Amino acid sequence: MTTEQLHDVRLHVNGSVHEVQVPARRLLSDALRHDCGLTGTHVGCEHGVCGACTVLVDGTPMRSCLMLAVSAVDAEITTVEGLTEDDGSAQGRLSPVQQAFSDCHGLQCGFCTPGFLTTITAGLRETPNPTEDEAREMIAGNLCRCTGYQNIVKSVLRASQIQAERGEA
Amino acid sequence: MTTKMFGAKVPRVEDQRFLRGQGRYVDDLLTDDPRLLHSAVLRSPHAHARIVDIDVSDVLDVEGVLAVWTWDDLTGPMAEPLPLLIPHPTLTHGRTQYALAKDEVNYVGEAIAFVVAVDRYVAEDAVSRIRVDYEFLPPVVGIAAARAATAAVHDDVPDNVAARMEQENGDARAAIASAPHTLALDLDVERSACTPMEGRGTVARWDPDTSRLTVWSSTQTSTGVRGCVAAKLGLDLAKVDVITPDVGGGFGVKINHPWPEELLVPLAAMTLGRPVKFTEDRREHFISSAHERAQQHHVEVGFDDDGRVLGLNVEFWHDHGAYTPYGLIVPIITSTQLLGPYKPQNYRVVFESLYTNTVIVTPYRGAGRPQGCFVMERTMDAIAAYLGKDRTEIRSTNFIQPDEFPYEHGLVFQDGRELTYDSGDYPASLAKLKKLVGWDEFEDFRAEMAAQGRRVGIGLACYVEGTGVGPYEGAHVHIETSGKVKVATGLTTQGQGHQTAFAQIVADTLGVRFEDVEITTGDTRKMPYAVGTFASRAAVMSGSAIHLAALRTKEKALRIAAEALEASEEDLEIADGVVSVRGTDASIDLGTVAVLSNPLRYAFDEASKAATQFSVGDPSKPPVAEDDEPGLEGTDFYSPPRSTFANGMHAVVVETDPDTAEIRILTYAVVHDCGHLINPMIVEGQIHGGVAQGVGGALYERMAYDESGQLLNASFMDFLMPYVTEVPTSIAIDHLETPSPLNPLGIKGAGEAGVIPSAAVFAAAIEDAEGFPITSMPISPSELFELRLAHADEPHPLPEEIR
Amino acid sequence: MKPAPFAFLRPSTLEEALAALAGEQGAKVLAGGQSLVPLLSMRLAAPSMLVDINALPDLGHVRVAEDGVRVGALARHAEVLASAEAAQAQPLLGMALSHVAHPTIRNRGTTVGSIVHADAAAEMPMVLRLLEGSVDVASVRGRRTVPAAELFAGPLESTLAHDEIAVEAFFPGLAPGAGVAFQEIARRHGDYALVGVAARVETDGDTVTRAGLGFVSVSDVPTVVDVTDALDDPAGKALGELDPADDIHATAAYRAHLVKVLAPRVLAAATDHARSRAGEATHP
């Protein structure tokens, strides 16, 4: 059996460049996690249903398990790690969406959370002051098994508040 | 003055890493170790077959493959069947699978071969090249087929019966025979599963320099896995460390152990001398982890004119899947928890646990209670309908009253102990629920909706949940010289917020700042005596153990501080990590007390100079007293005399579409009693999550097997877990707190509560809306439509009739 | 679930892409990937090569003209949905697209890709059929236009040759006096429909001169039924041509029942839509 061809792929993730060598079939989710070492993006199903793997591609939420790393070359990718704000500290400051989840107990096991955070970050850019129905619609494509969603909806509304407070709306 | 932490809605400390994407779940581990190997498993595509031949010759050509094993490659204990974890005298025909199938496969998904390669992609390539010759055997799928027994799952198990168990209190059949009224019901619950967002996974590393094996597994029991790995691999327990990393949900499925992969991965790590990882994919989770819920029940009940149950006789058939590694826990729980908050004087329950050629059955949140609650609550509703009485009135008539606690049922519970309820106030819970959901005003609401052509119904369901089962949990508290408090308990965490809730207990008990407490769970290096996280026991068991260990540590701290401050212990208090003499300025911080607790010869820093031999101590006495130990630590264990019983009641208002048969949730109300709450925010989150899982289980989720034993919906596309759009838009929750007398903090478990009454409450509400019996759950719009057709000849009840 | 190995090309010109497809029998086009990638991961499809067309220029357009809406091969569902002009020209596009999966899938999935994937459970192939649209197809042999009625061969099978790329879909605009509507019933929000029905109605004053219904999930191929002569029993007419099936989510009888419920509703909604548009036209 012949050796699989490796492609030189340059991924732009969270403002940094990662030069990786991967076969064409390497899913973007796996490339982010194993080749770039960014394990914050999680894999829940690999068929595009659960949303845990959602990242921002040029600011737009997409399922990284449904993309190939080799196709992601011309895009600026943002993962959950890239949402944390740089405030000079080692930890960084939680973004409005991240902070809201902490305030509202919007996560339990944390596995689905990165997919919600990226989705909502983009959602609030588009709709900075969502109604409760709009908040629900914003997260309607992501599965969570722990929280029952009640506090995630609250987190969306709280994030909108924090965003406004921080003057980031 | 410090604020009391117990009972406060403290934001979770674990959120800090999860929100930043810095959680460490099993698949995140060792990702930058270039020596890490990955694995994949060949799984049976057939539900029942003999393995004639396995040809792995094509695999060895695949570049990047380091090993391919079948049963023939296993030796010693690894070649023997997996352990039967919980034996029971009535489990006369228990069977477990081999780590890799030997001669025969009994379900689609059963592990046949194990491949180790440089990455998962290559490992899967290798698996696809393994050729197996099968001789097909007739598969047994579903309870009816198992009972009919025209085919056998296991040749040496007659009639596919793994166990038959009977328990009785009084004489149920006689009581029914002499009762003024009797009813018979047949009630079914279909198979479902936990489906946490993170599947199973195991990583292992053998260190030849220290001869130690480290295993990380996404499990609910580190000590359980440790015991099995050591036994199967022929290692001293002391050579094996098992660490549960961050876990993306368990809900019961991760209590079963050892999975074949939990053994094969460590074995591969030792054999190949490189760390090895296994992470299952979603399809594997569906076909090779575990399912639960499928049971069929036949109920006979005798009651009087008031609806008081005089005799209850329940026979049921439990679908156990192909093997019984977890013993009979699920049907035993159904048997006993079926009683709910009631006291039928004569109760008989018999079950048969049956083999089928499907995925194994082990506990799923609720673990048999949802089925029991469904049976009991449908029976109560049927009695109410028969007598033309209000359904809540029937409940009230049958409740155990507040002054009857502790109440002994005359049965044996899943912990092997007498089924005795410790505390509860069911009438108060019901009163709260009726108010919360507007029970008494519902008929007006129904009439209002009917005038608009809309069809609504209301249901309620009550349950009791035995939580905090033994044998024990332990905790180790260590106050370090820095003043930080390190606490370890051996059970595990899958999102319940233990790091936060347990720290709240320590902060209050010791008198330290919450921020200075660090909790570790599930690490056998730090607390090797533990059982695991299941049966809503963590808060009760580890919470109590942590409290007791903190008390011990506090006692010691006060003793040493009293000596140092030359005061009497009764005059001391601890707040924010500082011990002070009440009403004076004299104080010493706990870090310094820790320094003093360990008499030193050598100072290694400034603080430790204070503890060296010329600085401190009475030269006429030994530096460490005879009954004492160095260090400011405390270890203690909590072992309950029996379980503590939480309870709850749910009510739901649904609307059914007269045309499309779609089912909408209008109102969902919960009254919940789990004793004292450590962190009300966390408890409420558990209820939200349980209710959502319950909605899924009642209206959307089922495992759809065809007659050949193929799982038709082994993906999230066709196994329908609820999104936010399928759960209620809000859940009204009210609490009652009847403390548990069995543990020092008065707490009861809360983890499973939300999901226990779901099938019952939705069946009740839909039946109330439609006017015909709902006896099988889950129910979909299509099934409701078919039921409407089937009942079309019966007169529909007018809104004025009482149901 | 990881894909089997395949060769990969990401050409920067259409000519390169077409040549690659022509030269490799087992090659497949990768556009949005929202349908294809899961098939690869589950190893239900194992092409020898993927030709990634996402870098090709001039295929991302949503262009509205007098006669209707032209959607390029790389226009994402979300972009078509967001186009107010397109919604104005052909409202059925937006009505149907908002039921396609979830927004995150729509951000990457392409409307043209969905059409040629030819899933009878998908909304857009049916919409193209109902509107009597077409698809422009390119290969090394040149270009051709395939009317929707000739596009679908069988379940998940279009009539395109393996080396053809659909470069643009054409959705005719909604004529004056015409109206459209769409309703679907799914198990969960965003799921494939149990049954979906779209209607296109043409009116002349108060008379309905033409009425057609399109169906999702009740046949093997995207199916359209002319109900002009069956306005009082459109479902009855339709069920004569449909083949609802049993599956784990619904019985055939239930699906047939939903057709009976939805067909008259959607027809009525489209008729109302036509009348209100005619009203607007005469009283702007």
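Per chain, the residues get numbers from 1 upward, laid out in the order the sequence is written. Key to labels: chains lettered from A, ligands numbered from 1, both in the order written. Reporting of local features is limited, given that this is a predicted model, to residues whose pLDDT is at least 70; pairs of side-chain atoms are given and counted only at 80 or more, and all residues count toward the totals for whole chains, interfaces and linings. Calculated side-chain values reflect all of the structure's heavy atoms, with hydrogen atoms and water omitted.

A. Structural detail: the interface of chain C and chain B. Only heavy atoms matter for contacts: two residues are in contact if any of them lie within 4.5 Å across the pair. In this assembly, 24 residues from chain C lie in contact with 30 residues from chain B. Regarding the contact of chain C and chain B, the summed buried area is about 2,400 Å², with carbon and sulfur atoms giving 59% of it. Considering only the surface of chain C that becomes buried against chain B, Arg187(C), Arg188(C) and Ile248(C) emerge as the three largest contributors, covering 30% of it. Across the pair Arg43(C) and Glu124(B) runs a salt bridge whose closest N-O atoms are separated by 3.9 Å. Note on definitions: buried area is the accessible-area loss of two parts on being combined, 1.4 Å probe, summed for both. We define a salt bridge as a contact between a side-chain nitrogen of Lys or Arg and a carboxyl oxygen of Asp or Glu at a distance within 4 Å.

B. Broad picture of the interface of chain A and chain B. Each side of the interface is counted separately: chain A has 52 residues, and chain B has 60 residues. When chain A packs against chain B, the two sides together hide about 4,700 Å² of surface, and 56% of this comes from carbon and sulfur. Seen at the junction of chain A and chain B, the total is five salt bridges. The shortest N-O distance in the salt bridge between Arg33(A) and Asp28(B) comes to 2.7 Å. Two N or O atoms form a polar contact when they lie within 3.5 Å of each other; inside protein one atom must be a possible hydrogen donor and the other a possible acceptor, and for residues adjacent in sequence the pair counts only when both atoms belong to side chains. Joining chain A to chain B, the criterion identifies 26 residue pairs in polar contact (both at pLDDT 80 or more). Classification convention: Asp, Glu, Lys, Arg as charged; Ala, Val, Leu, Ile, Met, Phe, Trp, Tyr, Cys, Pro as nonpolar; all other residues, Gly among them, as polar. Looking at the side of chain A that touches chain B residue by residue, the class counts come to 20 nonpolar, 22 polar and ten charged.

C. Summary view of the pairing of strand 4 (residues 60-63) of chain A. Residues and elements named next belong to chain A. What makes two strands pair is DSSP finding at least two bridges between them. Secondary structure elements follow DSSP: runs of H or I of four or more residues count as helices, runs of E of two or more count as strands, with numbering from the N terminus. Relative to strand 4, strand 3 (residues 54-57) runs antiparallel, the two being bridged by four bridges. Across the sheet, Thr-54 pairs through a bridge with Arg-63, a residue of strand 4. Between the antiparallel neighbours strand 3 and strand 4 lie two residues, among them Asp-58 with a positive phi of about 50°.

D. Molecular detail of the packing of aromatic side chains. Only rings of Phe, Tyr and Trp enter the pairing, Trp through its six-membered ring, and a pair is recorded when the two centres are within 6.5 Å. The plane angle decides the type: under 30 degrees is stacked, over 60 is edge-to-face, the rest tilted. Throughout the structure, instances matching the rule amount to 20 aromatic pairs over all chains. An angle of 75° between the planes, with centres 6.1 Å apart, marks the rings of Tyr107(B) and Tyr323(B) as edge-to-face. Of this pair, Tyr107(B) sits in the loop between strand 4 (104-105) and strand 5 (111-117) while Tyr323(B) sits in the loop between strand 14 (309-319) and helix 8 (329-337), and the two are 216 residues apart along the sequence. A single burial state applies to Tyr107(B) and to Tyr323(B), both of which are buried. Measuring from centroid to centroid gives 5.8 Å for Tyr472(B) and Phe637(B), while their planes differ by 80°, and the two rings are edge-to-face. You can see Tyr472(B) sitting in the loop between strand 18 (455-467) and strand 19 (473-479) and its partner Phe637(B) sitting in strand 25 (residues 633-638), a full 165 residues away along the chain. Residue class for Phe637(B) comes out partly exposed when judged on its relative accessible area of 34%. Members of the aromatic cluster, each reached through a chain of ring pairs, are Tyr342(B), Phe399(B), Phe405(B) and Tyr426(B). Working rule: Lys NZ or Arg CZ, within 6 Å of ring centre, within 35 degrees of ring normal, means a charge sits over the ring. The positively charged end of Arg26(A) is found above the aromatic ring belonging to Tyr121(B), 5.2 Å away from the centroid. Taking NZ or CZ as reference, Arg200(B) lies 4.6 Å from the ring centre of Trp259(B), over its face. The rule is simple: take the accessible area with a 1.4 Å probe, protein chains only, and divide by the maximum for that residue type; under 20% is buried, over 50% is exposed, in between is partly exposed.

E. Expanded view of unusual backbone geometry. Residues and elements named next belong to chain B. A cis amide bond, omega -15°, links His-257 with the succeeding residue Pro-258. Tracing the sequence through the fold places Pro-258 in the loop between strand 11 (240-243) and helix 6 (260-272). With an omega of 0°, the peptide bond running from Met-777 to Pro-778 counts as cis. Summarising the element assignment, Pro-778 is placed in the loop between strand 29 (776-777) and helix 19 (781-790). Although it is not a glycine, Ala-149 sits at a positive phi angle of roughly 55°. With respect to the element layout, Ala-149 can be found in the loop between helix 3 (143-148) and strand 7 (161-169).

F. The sheet that holds strand 20 (residues 485-489) of chain B, seen in detail. All names here are of chain B. Spatially, the four strands line up as an open sheet ordered 21-20-19-25, and their pairing is mixed. Whereas interior strands pair on both sides, the edge strands pair on one side only; in this sheet they are strand 21 (517-521) and strand 25. The mean angle between the axes of side-by-side strands here comes to 15°, regardless of whether they run parallel or antiparallel. The sheet contact formed by strand 19 and strand 20 spans five bridges and is antiparallel. In the sheet register, Ala-475 faces strand 20, and the bridge partner there is Thr-489. Here an angle of 0 to 180 degrees is reported between the N-to-C directions of two axes, which are lines fitted to C-alpha atoms, with helices fitted over the stretch in contact.

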